Amino acid sequence: MKKNYFSYLLVLLVFILGTVVSCTKEGPAGPAGKDGTDGIDGTNGTDGTATCIECHDANQTLGIKQFQWESSMHAAGTALARSSISSCAGCHSQQGFIQTDGNNPLTEDEWKGVDDPIVINCYACHPIHETYTHEDVVALLFPDQPNWAVTHDKEVDMDLGKGNTCAHCHQSRKRTPVVDMNDLTIMYTDISTHYGPHYSSQANLMGAFGAYEFEGSTAYPDFNGHLGAENGCVSCHMGFTTASGSGGHNMHIDAGSDLEKACAQCHSEGAGAEDKYNEYYPVYFATIDHDGEHPTLNTTSYYTLLGDLLTEHGVYTKVVDSVDGYPEAVHYNINGGLEINGTLLAALFNHRYLYQDHSHGMHNPSYSKALLKNSLEAVEALN
Ligand code: HEC
Ligand code: HEC
Ligand code: HEC
Ligand code: HEC
Ligand code: HEC
Ligand code: HEC
């Protein structure tokens, strides 16, 4: 409609101009020019729009993905609000991501700024309208392993296949002070109340790097069974869809209802994975138990034990949200003005690393166990 309206305007404009020109006084006409050479006959080529329907088709190839994406956090979350600064834009807006050229994070110099920032959309992950064929959605932008911002001196070579695109953003950010693991008695001050790897430690946990590995009674595993997923993040988060909207281009996994589908590739038809999760979660990560008549605080998971011990050491303030007197959510908030030793700071970091990953250990179950148990032992040894 817009286009039609515009072309009417154009015709009108040409008409008015023509009238104006014809009203001005003309001089005598010059001699006629030479005839031009004949043009070449056209061949019967392909219809210029033929490839468009490889995507813009009646099968709703795009419509379905758009529908799933619209309710995803990429489209509907609040992350865009953080996209006006160079150090945040590379992961929090589509334009910022493209500007990184695959090398997050953006430096102050690289950041060109944008007037109309937009959320992480189709154009952030796919080279849309580059070849104008279906290849543009099969392809992904920045398909190679990213630069890893935080490794804590580990050699990292982790190829997540199609998940490499995700890992450009879903990886830890640099954080100071960095703990010197060779001398844990060093004292640290000026610790931000936002200390930790940022909410994006997912790829680091998958690859078991970027945390502080205390020595302890639990060995750090030398492999992560979940790295066996061919396309990493994509295999679990996009490999299924549900009528309630999770999976696919929504990318959310609901641990209450999706595990049977999301994990079916490996754990015996998936049913095994749900059981495994339900055994693992209360022992390692739960802060609240939901198995009785009313919710109760879980005081025994390793995540809770470490959080509570850090609270005793003055590192955290523990806050419990309640509804009708029953616990609904638990928060461990970092206290301001901390002055703490290396053991407490590294344990704090590890606790945040596992919290901010948001998978309750599912990105690397065995490594998460070892990290929690060994960090807890190290803080216990301070007493
Ligand atoms: C690889 C699949 C694909 C092919 C092939 C394709 N498009 Fe698109 N097109 C898209 C996607 C994805 C969008 C963005 C949809 C969105 O923003 O939700 C889009 C959007 C559009 C829009 C809306 C304006 C915009 O940029 O958001 C127009 C117009 C359009 N395409 C025209 C075409 C034409 C004409 C062709 C063929 C010459 C073509 N497309 C080929 C995937 C494709
Ligand atoms: C350009 C950076 C970027 C890329 C690329 C990216 N993400 Fe995200 N992702 C984000 C940000 C930022 C958010 C948070 C959105 C919010 O909360 O507003 C997010 C949110 C999510 C969430 C929802 C988290 C929640 O709290 O519910 C999932 C799941 C997710 N991403 C998975 C993926 C997967 C899988 C890929 C690859 C196919 C991917 N992301 C690629 C930046 C990115
Ligand atoms: C390396 C990529 C990356 C950079 C750089 C980055 N973020 Fe994020 N951020 C993410 C991802 C990924 C998520 C979402 C993860 C999830 O939901 O589990 C996120 C989530 C958040 C959230 C929680 C969701 C929300 O929007 O409420 C806040 C707040 C946030 N980021 C602030 C910032 C700020 C401020 C900066 C810059 C100082 C920044 N981020 C830089 C990747 C990044
Ligand atoms: C955060 C990254 C991300 C965003 C945003 C995204 N995609 Fe995708 N898309 C992927 C990944 C990864 C795959 C491969 C999924 C797989 O192999 O299971 C994919 C696959 C597809 C496919 C199937 C391609 C094939 O193999 O046939 C289509 C179609 C598609 N996307 C369209 C879209 C459209 C339309 C949008 C915007 C509404 C969009 N995508 C947004 C990451 C993304
Ligand atoms: C690529 C194959 C693969 C996929 C996909 C996969 N798993 Fe696993 N999982 C394994 C392997 C192998 C192990 C054992 C080795 C290890 O712990 O790393 C394992 C271990 C686990 C454990 C740890 C058990 C314990 O206490 O030691 C849990 C819990 C688990 N998986 C749950 C899940 C859930 C939930 C999903 C889906 C979101 C899933 N897995 C998807 C292969 C897979
Ligand atoms: C083995 C399957 C598996 C793989 C591989 C995997 N995830 Fe997850 N992820 C999960 C499960 C299961 C949850 C939810 C756990 C829960 O809610 O307790 C989750 C949670 C998340 C969350 C928190 C928000 C949400 O929607 O639940 C984000 C963000 C996320 N994953 C991103 C990623 C990224 C990025 C990668 C690749 C670096 C990745 N995941 C790889 C299984 C996987």
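Small disclaimer: the values here were computed from a predicted structure and weren't measured.

## Focus on the coordination of the iron atom of ligand 2
Part 1 of the argument: With distances of 2.0 to 2.1 Å, the protein atoms coordinating the iron atom of ligand 2 are His74 (NE2) and His170 (NE2).
Part 2 of the argument: One can describe the donor arrangement at the iron atom of ligand 2 as octahedral, given that its 6 donor atoms subtend angles of 86 to 179 degrees at the metal. Remark: His170 occurs in the loop between helix H8 (164-167) and strand S1 (187-188) and His74 occurs in helix H3 (residues 73-76); sequence separation between them is 96 residues.
Part 3 of the argument: Classification of His170 as partly exposed rests on a relative accessible area of 34%.

## Let's talk about the coordination of the iron atom of ligand 4
Part 1 of the argument: Distances from the iron atom of ligand 4 to its protein donors, His126 (NE2) and His249 (NE2), fall at 2.0 Å.
Part 2 of the argument: Around the iron atom of ligand 4, the 6 donor atoms are arranged such that angles at the metal cover 87 to 180 degrees; this shape is classified as octahedral. Here His126 is found in the loop between helix H6 (122-125) and helix H7 (135-138), whereas its partner His249 is found in the loop between helix H10 (233-237) and helix H11 (259-262), with 123 residues between them in sequence. When sorted by exposure, His126 lands in the same class as His249, which is buried.

## Here's the deal with the nonpolar core
Part 1 of the argument: Tyr195, Leu310, Leu345 and Tyr353 are the most contacted members of the largest nonpolar core, which totals 38 residues.
Part 2 of the argument: Looking at this core, the elements with two or more residues in it are helix H12 (271-284), helix H13 (302-312), strand S5 (326-334), helix H14 (342-357) and helix H15 (365-380).
Part 3 of the argument: No other element matches H14, which puts 8 residues into this core.
Part 4 of the argument: Among residues more than four places away in sequence, those in contact with Leu310 are Val315, Tyr316, Leu344, Ala347, Leu348, His351 and Val379.
Part 5 of the argument: If you look at the next biggest cluster of nonpolar residues, it comprises 7 residues, including Trp148, Ala167, Ala203 and Phe209.

## Observations regarding the pairing of strand S4 (residues 316-323)
The side chains of a regular strand alternate, first on one face of the sheet and then on the other.
Part 1 of the argument: The pairing of S4 with S5 spans 8 bridges and is antiparallel. Counted as the bridge partner of Ser322 is Pro327 from S5.
Part 2 of the argument: Between S4 and the antiparallel strand that follows it, S5, lie 2 residues; Asp324 among them carries a positive phi value of about 55 degrees.

## Digging into the site of ligand 5
Part 1 of the argument: Taken together, the neighbourhood of ligand 5 is formed by 16 residues, with His226, Cys263, Cys266, His267 and Ser366 sitting nearest.
Part 2 of the argument: Here a nitrogen atom of ligand 5 sits 2.6 Å away from a polar atom, N or O, in the side chain of His267.
Part 3 of the argument: Between Lys369 and ligand 5, the recorded distance is 3.1 Å, taken from a side-chain N or O atom to an oxygen atom.
Part 4 of the argument: When contributions to the shell around ligand 5 are tallied by element, the ones reaching two or more residues are H12 and H15.

## Let's talk about the layout of surface pockets
It is the rolling of a water-molecule-sized probe over the atoms that shows where space remains empty.
Part 1 of the argument: Estimated volume of the second largest pocket: approximately 530 Å³.
Part 2 of the argument: For the lining of the second largest pocket, the secondary structure elements donating two or more residues are S5 and H14.
Part 3 of the argument: Per-element accounting of the lining of the second largest pocket gives the leading share, 7 residues, to S5.
Part 4 of the argument: Here the residues of the lining of the second largest pocket sort into 13 nonpolar, 9 polar and 2 charged.

## Regarding the site of ligand 4
Part 1 of the argument: Near ligand 4 lie 20 residues; those nearest to it are Cys122, Cys125, His126, Lys162 and His249.
Part 2 of the argument: Between ligand 4 and His126 there is a distance of 2.8 Å, counted from a nitrogen atom to a side-chain nitrogen or oxygen.
Part 3 of the argument: Measuring from an oxygen atom of ligand 4, one finds a side-chain N or O atom of Lys162 at 2.7 Å.
Part 4 of the argument: If you tally residues by element for the shell around ligand 4, the top one is helix H2 (residues 61-70), at 5 residues.
Part 5 of the argument: Of the residues belonging to the shell around ligand 4, the class tally is 11 nonpolar, 7 polar and 2 charged.
Part 6 of the argument: Inspection of the shell around ligand 4 shows a minimum of three residues originating in each of domain 1 (57-142) and domain 2 (143-380).

## Structural notes on the confidence of the model for the protein chain
Part 1 of the argument: For the protein chain, the mean per-residue pLDDT works out to 90, and 89% of the residues sit at or above 70.
Part 2 of the argument: Note on residues 1-24: pLDDT is under 50 here. Beyond four places in sequence and across chains, it has 0 contacts.

## Focus: the packing of H14 against H15
The angle between the axes and the distance between the axes are what describe a pair of packed helices.
Part 1 of the argument: Relative orientation of the contacting elements H14 and H15 amounts to 150 degrees, with a least axis distance of 10 Å. What the angle tells us is that H14 and H15 run roughly antiparallel. Crossing of H14 against H15: the hand is left-handed. Facing Thr343, Leu344, Ala347, Asn350, Tyr353 and Leu354 of H14, the residues of H15 in contact are Tyr367, Ser368, Leu371, Leu372, Ser375, Ala378 and Val379.
Part 2 of the argument: In terms of residue class, the contact of H14 with H15 is made up of 9 nonpolar, 4 polar and no charged.

## Quick notes on the packing of aromatic side chains
Part 1 of the argument: Tallied over the entire structure, the rule returns 13 aromatic pairs.
Part 2 of the argument: Their ring planes at 25 degrees and their centres at 5.9 Å tell us that Phe285 and Tyr303 sit as a pair that is stacked. Residue Phe285 is found in the loop between H12 and strand S2 (288-289), and its partner Tyr303 is found in helix H13; the two are separated by 18 residues along the sequence.
Part 3 of the argument: For Tyr303, a relative accessible area of 8% translates into the label buried.
Part 4 of the argument: Centre to centre, the rings of Tyr316 and Tyr332 are 5.3 Å apart; their planes meet at 40 degrees, and the pair counts as tilted. Note that Tyr316 is positioned in strand S4 and Tyr332 in strand S5, a separation of 16 residues in sequence.
Part 5 of the argument: The rings of Tyr280, Tyr284, Phe285, Tyr302, Tyr303, Tyr316 and Tyr332 are connected pair by pair, giving a single aromatic cluster.

Procedures and definitions
Residues numbered from 1 in each chain as written. Chains lettered and ligands numbered in written order. Predicted model: local features only at pLDDT ≥ 70, side-chain atom pairs only at ≥ 80, totals over all residues. Heavy atoms only, no water. Donors = N, O, S within 2.8 Å, 3.2 Å for Na, K, Ca; no water. Tetrahedral: all angles 85-135°; square planar, octahedral: opposite > 155°, others 65-115°. Helix = DSSP H or I, 4+ residues; strand = E, 2+ residues; numbered from the N terminus. Buried < 20%, exposed > 50% of the residue type's maximum accessible area, 1.4 Å probe, protein only. Core = buried A, V, L, I, M, F, W, Y, C linked by side-chain atoms within 4.5 Å. Contact = heavy atoms within 4.5 Å. Pairing = 2+ DSSP bridges. Near = heavy atom within 4 Å. Polar contact = N/O pair within 3.5 Å; in protein donor to acceptor, adjacent residues only side chain to side chain. 1 Å grid on protein atoms, 1.4 Å probe; cavity = no way out; pocket = protein on both sides within 12 Å on 5 of 7 lines; lining within 4 Å. Points joined across faces, edges and corners; volume = space filled by probe spheres on them. Nonpolar A, V, L, I, M, F, W, Y, C, P; charged D, E, K, R; others polar. Domains from an automatic or database assignment. pLDDT = per-residue confidence, 0-100. Axes fitted to C-alpha atoms, helices over the stretch in contact; angles between N-to-C directions. Parallel < 35°, antiparallel > 145°, perpendicular 65-115°, else oblique. Left-handed = near helix turned anticlockwise from the far one by under 90°. Phe/Tyr/Trp six-rings, centres within 6.5 Å; stacked < 30°, edge-to-face > 60°.

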